[in-house]
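# Examining the three-dimensional arrangement
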There are 4 protein chains.
Amino acid sequence: MIITVATRLVYDCRPGTHLMAVVQVARSSDQQIISERLTVAPPMHLGEETDGDGIRWLRGAAAARLDLVYEAQIDNGARQLLPRAGRQWHRSELPLAVLPFLLPSRFCPSDLFVRFACREFGGITDGVGRVMAVADWIATHVDYVAGVSTAESDAAHTFTLRAGVCRDFAHLGITLSRALGIPARAVSCYAAELAPPDFHAVMEVFIEGAWWMVDLTRLAPVVGLVRICHGRDAADIAFLTTDEPCDLVEQVISARFA
Amino acid sequence: MIITVATRLVYDCRPGTHLMAVVQVARSSDQQIISERLTVAPPMHLGEETDGDGIRWLRGAAAARLDLVYEAQIDNGARQLLPRAGRQWHRSELPLAVLPFLLPSRFCPSDLFVRFACREFGGITDGVGRVMAVADWIATHVDYVAGVSTAESDAAHTFTLRAGVCRDFAHLGITLSRALGIPARAVSCYAAELAPPDFHAVMEVFIEGAWWMVDLTRLAPVVGLVRICHGRDAADIAFLTTDEPCDLVEQVISARFA
Amino acid sequence: MIITVATRLVYDCRPGTHLMAVVQVARSSDQQIISERLTVAPPMHLGEETDGDGIRWLRGAAAARLDLVYEAQIDNGARQLLPRAGRQWHRSELPLAVLPFLLPSRFCPSDLFVRFACREFGGITDGVGRVMAVADWIATHVDYVAGVSTAESDAAHTFTLRAGVCRDFAHLGITLSRALGIPARAVSCYAAELAPPDFHAVMEVFIEGAWWMVDLTRLAPVVGLVRICHGRDAADIAFLTTDEPCDLVEQVISARFA
Amino acid sequence: MIITVATRLVYDCRPGTHLMAVVQVARSSDQQIISERLTVAPPMHLGEETDGDGIRWLRGAAAARLDLVYEAQIDNGARQLLPRAGRQWHRSELPLAVLPFLLPSRFCPSDLFVRFACREFGGITDGVGRVMAVADWIATHVDYVAGVSTAESDAAHTFTLRAGVCRDFAHLGITLSRALGIPARAVSCYAAELAPPDFHAVMEVFIEGAWWMVDLTRLAPVVGLVRICHGRDAADIAFLTTDEPCDLVEQVISARFA
């Protein structure tokens, strides 16, 4: 699909604040950037680097105000939907680069969930079947509710509370997948038709040698997702990081099928 | 039933260590002490006080060694088993003294479980029915496993881990009951036929104006339970508390239908 | 001192919601109620009961709206300020009714803090000296910041975060006091000169056979405090509890030296 | 220095258990392998792969017993000790590959420690000075005690408890370093003169463009350390991972200056 995305981030900062912004769409094989434009005002030097995964890091020192506008048109047609079935690979078969996504992380303490995950989903042998069962379980047992979680909440909190937002849903899905031995990571993305529009967080699982996106909130169609960044969990995929507190002035995100 | 219980606790202490032991059976209306004997060697002054609930507190300063032997025969025939049905009282109907047992405590963070408890058990209207459903849920979803929990583990940990020992089972049951609006407390007791013999922890719920014991581990028959102490959770019902670390030399507990 | 206090609580509820309000000043020996008036509109039956500590519990079923107004004038002159020195009693000397306040509770996991407390404050032998050292430590190491804690935050969270509000300050002080073997509890109160006016939470410690209030935030003078309720921690001293969510319409609190 | 290391790991497994062992010394620029020998009995296929950091991953499916013996002689003379001073780089100056080590991880929730770290160490401007202050703080405030922490304990637990083992010390140091903006990671290593001999965990910080090892327990000289693996925290550097529980039969580790 062709998706048009845009964001404007305006923050007031102490001049000299070091910042890092990851808002540009990733240069990954599952999507193609048709056009894009980044403008930063007042003019400041924001260095852009692309890492081995195609994630693009903007870094630099801010002036008193950061006013960043990004617009892009993307074709995500190369991204495949999760197949109907697929074998989960053994730990000893996985590419080394995938192994970290089997391990517990700040917001995904999968080490605590092995017994639950195996009791609840262990009887399913197919990898995709397990992921679908995890997704169904979350849809059935967790409510989408804003305000019950914080930036400190991990998947164990969400599992107890049974409520949260997209980030919490992703964390719980990732946690349960890892506890089942399925590599899983968090993806920040633009999401067409998400209401209200915002940056979105989804899960991505590694099955049959490839990564597949799954939106556990079921609030946005996967065909409308545009990858920005991925990592072990929300700690790794912040769209803006500063070394001093800054004041939000305006933050607008949009994404639509174009 | 007539139950014969005994315990011997031997600890090495720094002389002068202040200690508190709650090992004698409670003087409560649901059980009658037929005979009992307490001996402490070397002879030391352990003051005994009985509180308003019939719980008996032994307190004093230890010699280099504490060797405490307690034996008793109890008739617990006045204790009733949980009836088949019973109305859960509203918060505004409960005796004031019962209200604290509706509130979260150190190991029973019931405030975090309201959504889960209401989703899972809220459809049941009868109070006893809810307690039975909680007990069945725990029996189905939690494994009795030693070594996975510590003295710091709370019910949220057990809920995630899905494993624990009697104390953890009691904490989870109490937590879920309170989240449903049913007062619940922890009871330490002697338990006939418990194997291996040990102090036991069970839940007690307040329904239809009375307290009812429920053993969530299902390891010992409720008719074989003899009450020692009750409180909000394990923090309140330790059988031995000292103000300095002491070394366990020997600890024997027994309880049998006599 | 003579203090004039008032509060108005207006909530929209589903008719029939059971509620419990603890907003009247306590009938305790450390303060005298000169006059008071409670009005509830629309007229509804709110039963009032006073427990053994003089805490007053209003309970009943709400109409569609609860509009509660309470005004009182209190002489708290019988309350003494913490003396300059005072011996901490041993566990075996304390009244039985005080023992629960030595134990960990939902928001005060004092069991985790024994090593820290003894390392930091253990060298001080006087009980009041220890409490003063705890109060100084908190004033030095913890910032008063709104918004960093939630209703779920316990003292371990505050200890790590080094920031919180009055409730968090009280919890940390209580936790450290208990870890040192000093009974401590949370008190909800009206506080003259607190800005902005609000219900306030302070710590109360048991030394030399009496309870003494300590405001760890140092935001309100202790001579301006009027006791409403006390308990193990914030879980026990909520001013309003309902069995269904209600919507806050208005909440005004005032307290002044009169 | 020339160091001779050896380990023997014997485990009983269900045949077919997939396992991953990371016990060989890393092929990194700060150490040179003079000789080494790996034997596995009964003969089984354990594939060895070396990742971009020189970490060596042995993976395969076990027979009924795994008996792995590894011996090596290493020259770690190329490893430099932490210099006396060194500038901490800004987030926007760091190599992209280093950024993950600034972020919170499973056992190092550095996001919770920013206020504490800045209050306690923020006044120090030199990067090495900060790390040394963190190391001194840990040495002063945390006791080396076995048995108080578990495989689930994170740095917030250690910070509250003020006690732990090498892994906990490393986690706390890493957490505080990250909270100060200094990239930090966990290193598993062989450690000459460590008593009793065991795998050791130390911290490694990134300052002035290089990684430097720091042993926060001060139990082993840094000149006697041989790198096996590094990662975000203990979750990433396990020496043995299996997809089913296995029984430890024997585990011997040795390391000495040769």
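Treat the numbers as computed from the prediction; the structure is a model and nothing was measured. (Residues numbered from 1 in each chain as written. Chains lettered and ligands numbered in written order. Predicted model: local features only at pLDDT ≥ 70, side-chain atom pairs only at ≥ 80, totals over all residues. Heavy atoms only, no water.)

## Quick notes on the relation of the copies chain C and chain B
Note the following rule: When the copies are overlaid, the least-squares fit takes in C-alpha atoms only where the residue has pLDDT of at least 70 in both copies. Residue contacts follow a heavy-atom distance rule, with two residues in contact if any of their heavy atoms lie within 4.5 Å.
Mapping chain C onto chain B leaves a residual RMSD of 0.0 Å; the transformation is a rotation of 180 degrees accompanied by 0.0 Å of translation along its axis. Seen this way, the second copy is the image of the first under a two-fold rotation axis. Minimal C-alpha separation from the rotation axis in chain C is found for Arg-106 of chain C, amounting to 1.9 Å. The overlap is high: 100% of the interface residues of chain C also sit at the interface in chain B, so the same surface is used on both sides.

## Points about unusual backbone geometry
Residues and elements named next belong to chain A. Let me state the cut-off plainly: Secondary structure elements are taken from DSSP: a helix is a run of H or I of four residues or more, a strand is a run of E of two residues or more, and numbering for both begins at the N terminus.
Omega for the bond connecting Ala-41 with Pro-42 falls within 30 degrees of zero, at -10 degrees, which places this linkage in the cis form. Along the polypeptide, Pro-42 turns up in the loop between strand 3 (32-41) and strand 4 (46-50). The backbone of Arg-218 sits at a positive phi, close to 60 degrees, despite the residue not being glycine. Its place among the elements puts Arg-218 in the loop between strand 11 (210-214) and strand 12 (225-231).

## Overview of empty space enclosed by the protein
Gaps left between atoms are located by rolling a probe of water-molecule size over the structure's atoms. Quick note on the threshold: A cavity here means a set of 1 Å grid points, computed over protein atoms only, where a 1.4 Å probe fits but cannot escape. A pocket is an open set with protein on both sides within 12 Å along at least 5 of 7 lines, and lining residues have an atom within 4 Å of a point. Grid points are joined across faces, edges and corners, and a volume is the space filled by probe spheres set on the points. Think of it as three bins: nonpolar holds Ala, Val, Leu, Ile, Met, Phe, Trp, Tyr, Cys and Pro, charged holds Asp, Glu, Lys and Arg, and polar takes everything else, Gly as well.
Under the counting rule described, the total for this entry stands at one cavity of 30 Å³ or more. Here the largest cavity is characterised by a volume of approximately 40 Å³. In terms of lining residues, the largest cavity is bounded by Leu-103 of chain B together with Met-20, Trp-57, Ala-235, Asp-236, Ile-237, Ala-238 and Thr-241 of chain C. Split into classes, the residues belonging to the lining of the largest cavity amount to six nonpolar, one polar and one charged.

## Notes on helix 1 (residues 114-121) of chain D
Put simply, the test is: Partly exposed describes any residue whose relative accessible area lies between the buried limit of under 20% and the exposed limit of over 50%, with all areas from a 1.4 Å probe on protein chains only and scaled to the type maximum. Directions pointing from the helix axis toward each C-beta atom define the arc.
The complete set of buried residues in helix 1 of chain D reads Phe-116, Ala-117 and Phe-121 of chain D. For helix 1 of chain D, the buried positions fall inside an angular range of 95 degrees around the axis, keeping them on one side. Taken together, the buried residues of helix 1 of chain D touch helix 3 (155-161) of chain C together with helix 2 (127-141), helix 3 (155-161) and helix 4 (166-179) of chain D.

## Considering the domain arrangement of chain A
All names here are of chain A. Cut-off, in case you're wondering: Domain borders in the structure are assigned automatically or taken from a domain database. Counted as salt bridges are all cases of a side-chain nitrogen of Lys or Arg within 4 Å of a carboxyl oxygen of Asp or Glu. The definition of a polar contact used here is a pair of N or O atoms within 3.5 Å, where within protein one atom must be able to donate a hydrogen and the other to accept one, and adjacent residues in sequence count solely through side-chain atom pairs.
With domains assigned, chain A is organised as domain 1 (2-78 + 239-257) and domain 2 (96-236). When each unit is reduced to the centre of its C-alpha atoms, the spacing between domain 1 and domain 2 is 24 Å. Residue-level contacts link 25 residues of domain 1 with 19 residues of domain 2. Counting across the domain 1 and domain 2 interface gives one salt bridge. Ionic pairing is found between Asp-30 and Arg-227, a salt bridge with its closest N-O pair at 2.7 Å. Scanning the region where domain 1 abuts domain 2 turns up seven residue pairs in polar contact (both at pLDDT 80 or more). If you list the elements that add at least two residues to the side of domain 1 that touches domain 2, you get strand 1 (2-12), strand 6 (65-75) and strand 14 (247-257). Taken together, the residues of the side of domain 1 that touches domain 2 break down into 16 nonpolar, six polar and three charged.

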